[in-house]
Amino acid sequence: MKKRKPSARATKRAKPKSVPGGDEITQSTAFRRAAIDAEACARDPKRLRQLLEDAVGKIAVIPRGPFAETWPYLMAMIRLIRDYHRAEYRDISETNLLTIIAAILYLVSPFDVIPDWVPVLGHIDDAFVISLALKSVRADLDTFMAWETARI
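Note that residues are indexed from 1 along each chain, following the sequence as it is written. Reporting in this predicted model follows two pLDDT cut-offs: at least 70 for local features of residues, and 80 or more for side-chain atom pairs to be given and counted; totals over whole chains, interfaces and linings ignore these cut-offs and use all residues. Heavy atoms throughout the structure, all of them, feed into the side-chain values; hydrogens and water do not.

Caption draft 1: Representation of helix H5 (residues 71–85) in the model. Starting at the N terminus, helices and strands are each numbered in turn, a helix being any DSSP run of H or I of at least four residues and a strand any DSSP run of E of at least two. The span expected for a helix works out to 1.5 Å for each residue beyond the first. Its 15 residues give H5 an end-to-end C-alpha distance of 21 Å, which sits within 8% of 21 Å, the value for a rise of 1.5 Å per residue. When a residue's accessible area, from a 1.4 Å probe over protein chains only, is under 20% of the maximum for its type it is buried; when over 50% it is exposed; and in between it is partly exposed. Among all positions of H5, only Trp71, Tyr73, Leu74, Ala76, Met77, Ile78, Leu80, Ile81, Asp83 and Tyr84 are buried. Residues are treated as being in contact if the distance between any of their heavy atoms lies within 4.5 Å. The secondary structure elements touched by the buried residues of H5 are helix H3 (29–43), helix H4 (45–59), helix H6 (94–108) and helix H7 (124–151). In the segment just after H5, Ala87 is the residue with positive phi, at about 60°.

Caption draft 2: Looking closely at the environment of Ser136. Within the secondary structure, Ser136 sits in helix H7. Placed 41 residues apart in sequence, Ser136 and Thr95 show a C-alpha to C-alpha distance of 9.8 Å. If sequence neighbours within four positions are ignored, Ser136 has contacts with Asn96 and Thr99.

Caption draft 3: Molecular detail of the nonpolar core. Note on terminology: a nonpolar core comprises buried Ala, Val, Leu, Ile, Met, Phe, Trp, Tyr and Cys residues joined through side-chain atoms within 4.5 Å. In this structure, Leu51, Leu74, Met77, Ile100, Ile101, Ile104 and Leu141 are the most contacted members of the largest nonpolar core, which totals 42 residues. Within the residue set of this core, elements represented by two or more residues are H3, H4, H5, H6 and H7. When residues of this core are assigned to their parent elements, the largest contribution, eleven residues, is made by H6. Residue contacts for Ile101: discarding those within four places in its chain leaves Ala38, Cys41, Ala42, Leu48, Leu51 and Ile81.

Caption draft 4: Layout of the pattern of salt bridges. Think of a salt bridge as a Lys or Arg side-chain nitrogen and an Asp or Glu carboxyl oxygen that are within 4 Å of each other. A complete count under the given rule lists five salt bridges for this structure. Taking the shortest distance from any N to any O, the salt bridge between Arg43 and Glu39 comes out at 2.8 Å. Residue Arg43 and its partner Glu39 are located together in helix H3, separated by four residues, close to a single helical turn. Of the charged contacts in the structure, one is a salt bridge between Glu148 and Arg79, with a shortest N-O distance of 2.7 Å.

Caption draft 5: Focus on the packing of aromatic side chains. When two rings of Phe, Tyr or Trp (its six-membered ring) have centres within 6.5 Å they constitute a pair, described as stacked for plane angles under 30 degrees, edge-to-face for angles over 60, and tilted for the intermediate range. As enumerated under the stated definition, the model contains four aromatic pairs in all. The interplanar angle of 70° and the centroid separation of 5.7 Å between the aromatic rings of Phe67 and Trp71 together place this pair among those described as edge-to-face. Here the aromatic residues Tyr89, Phe144 and Trp147 are joined through ring pairs into a cluster of three or more. Here, a charge over a ring is recorded when the distance from Lys NZ or Arg CZ to the ring centre is within 6 Å and its angle to the ring normal is within 35 degrees. In this arrangement the basic side chain of Arg90 is found over the ring face of Tyr84, its NZ or CZ atom lying 3.9 Å from the centre.

So yeah, pure geometry; function would need other evidence.
Structure representation (structure tokens):
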């Protein structure tokens with residue numbers, strides 16, 4: 001039996017549903033800038049310390065609602081950067097460290113896709129970036145949190 005070539009309609013797949021604006025966020029100038037700056041930040045102890053200070057200041061004023069169940073991991077990301085900066089924790093790949101730093105840089109940046117001063121929506125893009133980062137670094141964060149617990 002001769003195989004028929006599928007029609008263009010049959011081969012065209014629907015794009016998976018994602019967070020509204022997700023592509024715009026990851027392709028935004030702000031996100032690309034954070035990803036590029038992450039490497040320089042990781043290599044500069046002063047910049048890394050400033051990022052930590054900015055992140056601690058930011059989490060003190062942002063609402064937790066948009067972050068839902070990612071909040072504990074957001075806090076772990078900040079603690080991991082702190083312990084990395086102190087040279088107390090280095091059991092993480094460079095790629096995953098840079099992913100975490102880029103996500104936190106985006107979080108603290110005043111220049112993101114949806115400005116933080118926009119009521120209700122202002123932190124949704126930040127939460128989306130944190131959840132994207134979490135998808136690729138969750139195992140390392142779980143390892144880090146286990147390491148933290150063992151230290152106590």
